[in-house]
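Coordinate analysis (summary)
The residues making up each chain are set out below.
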Amino acid sequence: MTTESGGWIVIQRNSFNSEITWDESWTTYKYGFGNVEKDYWLGLEYLHHITKQKVYQVRFVILDNNNEEKYADYNLFSVEDEVNGYRVRLGSYTGTAGDAMSSVQPSATHDNMRFTSKDKDQDIYAANCATSLGGAWWYAGCYAAKLNNKNGIYWHGLCTNNCQGSTVMIRPADYCVYL
């Protein structure tokens, strides 16, 4: 809660040696799982309801393969409803981890993608990325970031399936209103 002036809601936490397999169904990702004291996923339905109330920002915190903390901030973050596949929307990037969520290449972007799980394929790849790679995420075809995965956390340009951990946090965005 104290990172960058606090106010964060942790929506995901995954450590390299997590007890969670992350190989869960659509319904489980929809409503969340894990232990908030350890590793967990808040749930897509809750993310949607939180982010529709006001403008949010997101911080992806990645522990690289040397256990050094890097981050990727996006000044806007929202998750659409289930009818729209829990599509994620991101704003502009700043940070030290690199922009693995929106700028790598069109086939690997995550911004504006629907969420894919092993039993609900909504990615743009010919096969199901979640089935092929494990876990579930806002896959395109397939990824530049893969944080919901057991012993295979990936962030493009930072660590290749050997990141030591990840945390995803959201809070109301800092913005000014001019009248």
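See the structure shown above.
Residues numbered from 1 in each chain as written. Predicted model: local features only at pLDDT ≥ 70, side-chain atom pairs only at ≥ 80, totals over all residues. Heavy atoms only, no water.

1. Some words on the overall build of the protein chain
The helix and strand tally for the protein chain stands at three helices and 10 strands. Since a compact globule built from 179 residues should have a radius of gyration of about 16 Å, the 15 Å found for the protein chain is in line with a globular shape. Along the longest, intermediate and shortest principal axes, the C-alpha atoms of the protein chain span 50 × 40 × 35 Å. The buried share of the protein chain, taken over its 179 residues, is 48%. Excluding contacts between residues fewer than 6 apart, the proportion of contacts in the protein chain whose partners are at least 24 apart in sequence is 56%. Carbon and sulfur atoms form 47% of the exposed surface of the protein chain, whose accessible area is close to 8,500 Å². (Helix = DSSP H or I, 4+ residues; strand = E, 2+ residues; numbered from the N terminus. Rg over C-alpha atoms; globule rule 2.2 N^0.38 Å. Buried < 20%, exposed > 50% of the residue type's maximum accessible area, 1.4 Å probe, protein only. Contact = heavy atoms within 4.5 Å. Areas by Shrake-Rupley, 256 points an atom, 1.4 Å probe, with all protein chains shown as cover.)

2. A look at the pattern of salt bridges
Per the counting criterion, the structure on display carries five salt bridges. Across the pair Lys-30 and Glu-82 runs a salt bridge, and its minimum N-O distance is 2.7 Å. Residue Lys-30 is located in helix H1 (residues 26–31), and its partner Glu-82 is located in the loop between strand E5 (69–79) and strand E6 (88–90); the two are separated by 52 residues in the primary sequence. The partly exposed category is assigned to Glu-82, whose relative accessible area is 28%. A single salt-bridge network, built from bridges that share partners, covers Glu-80, Arg-87 and Arg-89. (Salt bridge = Lys/Arg side-chain N within 4 Å of Asp/Glu carboxyl O.)

3. Notes on the environment of Glu-68
With respect to the helices and strands, the residue Glu-68 is situated in the loop between strand E4 (56–63) and E5. For the pair Glu-68 and Gln-164, spaced 96 residues apart in sequence, the C-alpha separation works out to 8.8 Å. Contacts of Glu-68, omitting those with residues within four sequence positions, involve Ile-62 and Leu-63.

4. Some remarks on the packing of aromatic side chains
Counted under the stated rule, the structure contains 16 aromatic pairs. Between the NZ or CZ atom of Arg-59 and the centre of the ring of Tyr-71, over which it lies, the distance is 4.0 Å. Across the ring face of Trp-26, the terminal group of Lys-120 is positioned such that the distance to the ring centre comes to 5.3 Å. (Phe/Tyr/Trp six-rings, centres within 6.5 Å; stacked < 30°, edge-to-face > 60°. Lys NZ or Arg CZ within 6 Å of the ring centre and 35° of its normal.)

5. Topic: the pairing of E4
A large share of E4 lies buried, amounting to seven of its eight residues. Where E4 hands over to E5, the hairpin turn is made up of five residues, of which Asn-67 adopts a positive phi near 65°. Where E4 and strand E10 (residues 165–172) come together, eight bridges link them in antiparallel fashion. In the strand pairing of E10, Leu-63 is matched with Gly-165. (Pairing = 2+ DSSP bridges.)

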